[in-house]
Amino acid sequence: MTKYDVIFIGSGHSCNHGGIMLAMSGKKVAFVEMGKIGGTCTNYGCDAKILLDGPFEYLDGLKRYEGLCVESDVKIDWTRLMSYKKQTLGVFDPILEKLFSDMGVDVIRGRGRIKDAHTVEVDGTAYETEYIVIGTGQRNAQLQIPGKEFTHGSSHFLDLDEMPDSIIFIGAGIISMEFASMALALGKKVQFFEFAPRALMAYPQEYVKKLVEKMESQGAVFHFNEAVASVEKEGSQYKVTSQNGVFATADYVLDATGRVANFEDLGLEELGIKASRKGIEVDDHMRTSVSNIFASGDVVDKTIPKLTPTAEYESNYIAAQILGILDAPIVYPVIPNLVFTLPRIGQVGVSLDDAKASPDAYKVVNIPWGVQNDWVNNHETDTDVNLIFDKKGYLVGAAIYGSEAGTWLDYLTLVIDKKMTAADLRGMIMSFPTQTYMLWSALLPHLKMM
Ligand SMILES: Cc1cc2nc3c(=O)[nH]c(=O)nc-3n(C[C@H](O)[C@H](O)[C@H](O)COP(=O)(O)OP(=O)(O)OC[C@H]3O[C@@H](n4cnc5c(N)ncnc54)[C@H](O)[C@@H]3O)c2cc1C
Ligand SMILES: NC(=O)c1ccc[n+]([C@@H]2O[C@H](COP(=O)([O-])OP(=O)(O)OC[C@H]3O[C@@H](n4cnc5c(N)ncnc54)[C@H](O)[C@@H]3O)[C@@H](O)[C@H]2O)c1
């Protein structure tokens, strides 16, 4: 029997970064994968979504100049876009398998199950190992309601060869709002049933309101405070009904009501490792109650956001521990959150809603960016930025509404994380005229001097 130093169950971002670090440091490593190599982000999540979003971003930008100087009749052909997506991402699985094995990692295909603290079984074959890392991720939390068989999850939507003419989104969270932005840009009929009083509950209220109004102007209908109770088939359509009796019909129903951990059938109960739909319980070293078994990424029960960069961070942290490079508890740096709607909404650090509720602790500087910087802003007049400073003048948070939010958020994350002062920024030279230069100028007067 091959004896491994570390077996990862999963091959997504919660596993592969740390796994490669370990293999390159001379450890004998294997990834056990029952689906596509690379996991959700690579095959059915971030990468698929951002590839499809590409032309929509440009179309949204071009539309801003309509009536000003652009006569636009640009249309996106979803079917051809999807075929481009399938061609591009379809080759990732074999490429990654080769890449990993070239780096010294064995890829074992099949469902992994922990037999005892030092044995992983894959479809009946046992593999011995010193350490185990569980990185089995999450799946759609499909509502258990009558007619659930008529609903689809995010992976199905990201593989649709034809965009349906009408769609009901159950939930107005991150996945629904991102997907609906594309459907609306194609002129499709979109409705939402959302249990909460508003969309994107974790994001700044005023920005979500702006986004919802934009989507409504494109024809979207939002039913807030409506929990879905059933889905029925009516001819070629589907009827969605809420607990209050509000109903609507559409060609397609997407259930995006959150995600649950893949913790079942891993042999955890026999080992006394605690887990629930929220995830596997770990200590501040990412260890389960069995000290040589770690959990990483989306499958962990944690309060920090379940994202690709946080999964990557944890996998590197676990690898460093196994290598004996560090022994301190895990400490997360500031984590940016970005919704890829049209336009984006992003925030990092202290949230805008919290900062506004605590004026004694924070100074909020609003910049009506789109109005002030229209000349450098690609005519995106409704862009808005809020910068949040603590009483010493350090930047501690930021919230952004605009198509460039991602780039700016990463830049501001650096300023927050490194506790940069005005003197630090003045010691740097930025390119000009760029939006990041304007952000740099906007920060200077409010930041701690030195
Ligand atoms: C539609 C969508 C869009 C997203 N967009 C973004 C985004 O824009 N930005 C962002 O940061 N995050 C995004 N995410 C979240 C991101 O995809 C996850 O945070 C990330 O993939 C987590 O990585 P992971 O390795 O923990 O889990 P996963 O990537 O889910 O990997 C888990 C792997 O384990 C395998 N597995 C499970 N059980 C077993 C078993 N018993 N044996 C063997 N293999 C097993 C699965 O097949 C899977 O490949 C998105 C998610 C979705 C669904
Ligand atoms: N840009 C990104 O970072 C990104 C993008 C996509 C996905 N993700 C990942 O996926 C997760 C988001 O997944 P999601 O959008 O499914 O979850 P979510 O938690 O963002 O949204 C789910 C929504 O469904 C609503 N809901 C729950 N039960 C309902 C019911 N019975 N009827 C009507 N509404 C109901 C909730 O109130 C909530 O607003 C993120 O936490 C992240 O892990 C991240």
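Residues numbered from 1 in each chain as written. Chains lettered and ligands numbered in written order. Predicted model: local features only at pLDDT ≥ 70, side-chain atom pairs only at ≥ 80, totals over all residues.

Looking at an unreviewed UniProt entry, one finds the protein named Glutathione reductase (NADPH) and attributed to Acetitomaculum ruminis DSM 5522. In its Sequence similarities (unreviewed entry) section, the UniProt record describing the protein reads: "Belongs to the class-I pyridine nucleotide-disulfide oxidoreductase family." (UniProt positions renumbered as here; feature names shortened; annotations may be inferred.)

Trainee: Could you give me a rundown of the overall build of the protein, with the residues and numbers involved?
Mentor: When helices and strands are counted, the protein shows 15 helices and 23 strands. Expected size for 450 residues packed as a compact globule is a radius of gyration near 22 Å; at 24 Å, the protein falls within 12% of this value. Referenced to the eigenvectors of the C-alpha coordinate spread, the extents of the protein come out at roughly 70 × 70 × 40 Å. Across the 450 residues in the protein, those meeting the buried criterion constitute 41%. (Helix = DSSP H or I, 4+ residues; strand = E, 2+ residues; numbered from the N terminus. Rg over C-alpha atoms; globule rule 2.2 N^0.38 Å. Buried ≥ 20, exposed ≤ 12 C-beta atoms within 10 Å, placed from the backbone.)

Trainee: Go over the sheet that holds strand S13 (residues 247-250), please, and point to the residues and values.
Mentor: Across the sheet, which stays open at both edges, the three strands sit in the order S11-S12-S13 with antiparallel pairing between neighbours. Both outer strands of the open sheet, strand S11 (228-234) and S13, are each paired with one neighbouring strand and no more. In this sheet, neighbouring strand axes are inclined to one another by 20° on average, regardless of whether the strands run parallel or antiparallel. Note: S11 against strand S12 (residues 237-242), six bridges, orientation antiparallel. Across the sheet, residue Val231 finds its bridge partner in S12, namely Val240. (Pairing = 2+ DSSP bridges. Axes fitted to C-alpha atoms, helices over the stretch in contact; angles between N-to-C directions.)

Trainee: Give me the lowdown on the packing of helix H13 (residues 405-417) against helix H15 (residues 435-443), citing residues and values where you can.
Mentor: Contact geometry for H13 and H15: axes closest at 11 Å, N-to-C directions at 40°. As far as their axial angle goes, H15 and H13 are oblique. For the pair H13 and H15, the crossing hand works out as right-handed. Across from Thr407, Trp408, Tyr411 and Val415 in H13, the residues of H15 making contact are Thr436, Leu439 and Leu443. Here the residues of the contact of H13 with H15 are counted per class, giving five nonpolar, two polar and no charged. (Parallel < 35°, antiparallel > 145°, perpendicular 65-115°, else oblique. Left-handed = near helix turned anticlockwise from the far one by under 90°. Contact = placed C-beta atoms within 7 Å. Nonpolar A, V, L, I, M, F, W, Y, C, P; charged D, E, K, R; others polar.)

Trainee: Which residues make up the site of ligand 2, and what values go with them?
Mentor: Neighbouring ligand 2 are 25 residues, the closest being Gly171, Gly173, Ile175, Phe195 and Thr257. Only helix H7 (174-185) and strand S19 (337-339) provide two or more residues apiece to the shell around ligand 2. The biggest single contributor to the shell around ligand 2 is H7, with four residues. Its residues assigned to classes, the shell around ligand 2 comprises 16 nonpolar, five polar and four charged. Counting contributing residues, the shell around ligand 2 receives three or more from each of domain 2 (148-257) and domain 3 (337-443). (Near = placed C-beta within 6 Å. Domains from an automatic or database assignment.)

Trainee: Run through the packing of helix H3 (residues 46-63) against helix H4 (residues 78-89), naming residues and quoting values.
Mentor: At a minimum axis separation of 10 Å, H3 and H4 run at an interaxial angle of 140°. Comparing their axes, H4 and H3 come out oblique. In this structure, H3 meets H4 at a crossing whose hand is right-handed. Contact with H3, carried on its side by Asp47, Ala48, Leu51, Leu52 and Pro55, involves Leu81, Lys85, Thr88 and Leu89 of H4 and no other residues of that element. Here the contact of H3 with H4 is composed, by residue class, of six nonpolar, one polar and two charged.

Trainee: Lay out the pairing of strand S5 (residues 119-122) with the relevant residues and their values.
Mentor: Summarising the sheet, strand S4 (residues 112-116) and S5 pair through four bridges and their orientation is antiparallel. Note that in S5 the partner of Gly112 across the bridge is Val122. What sits between the antiparallel neighbours S4 and S5 is a turn of two residues. In this sheet, strand S6 (residues 125-134) lies alongside S5 in antiparallel orientation, the contact comprising four bridges. The residue of S6 that forms the bridge with Val120 is Tyr127. Hairpin connection, S5 to S6: the antiparallel pair is bridged by two residues, and Asp123 has positive phi, about 45°.

Trainee: Pulling in residues and values, what's your account of the UniProt feature "binding site: FAD" (unreviewed entry) in the protein?
Mentor: UniProt's entry tags Gly112 and Asp298 with the feature "binding site: FAD" (unreviewed entry), counted in the numbering of this structure. In this fold, Gly112 is placed in strand S4. Accessibility expressed as a C-beta count within 10 Å gives 25 for Gly112, which makes it buried. Once residues within four sequence positions are removed from consideration, Gly112 is found in contact with Ile9, Val32, Val120 and Val122. Looking at where Asp298 falls in the secondary structure, it is placed in the loop between strand S18 (293-295) and helix H10 (308-322). Ignoring sequence-local partners within four residues, the contact set of Asp298 consists of Ser14, Gly137, Gln138, Ala261, Lys306 and Ala311.

Trainee: How would you sum up the environment of Val29? Please name residues and give values.
Mentor: Structurally, Val29 is set in strand S2 (residues 29-33). Separated by 72 residues in sequence, Val29 and Ser101 have C-alpha atoms that sit 9.9 Å apart. Leave out the neighbours within four places in its chain, and Val29 touches Tyr4, Asp5, Val6, Gly19, Leu22, Ala23 and Val105.

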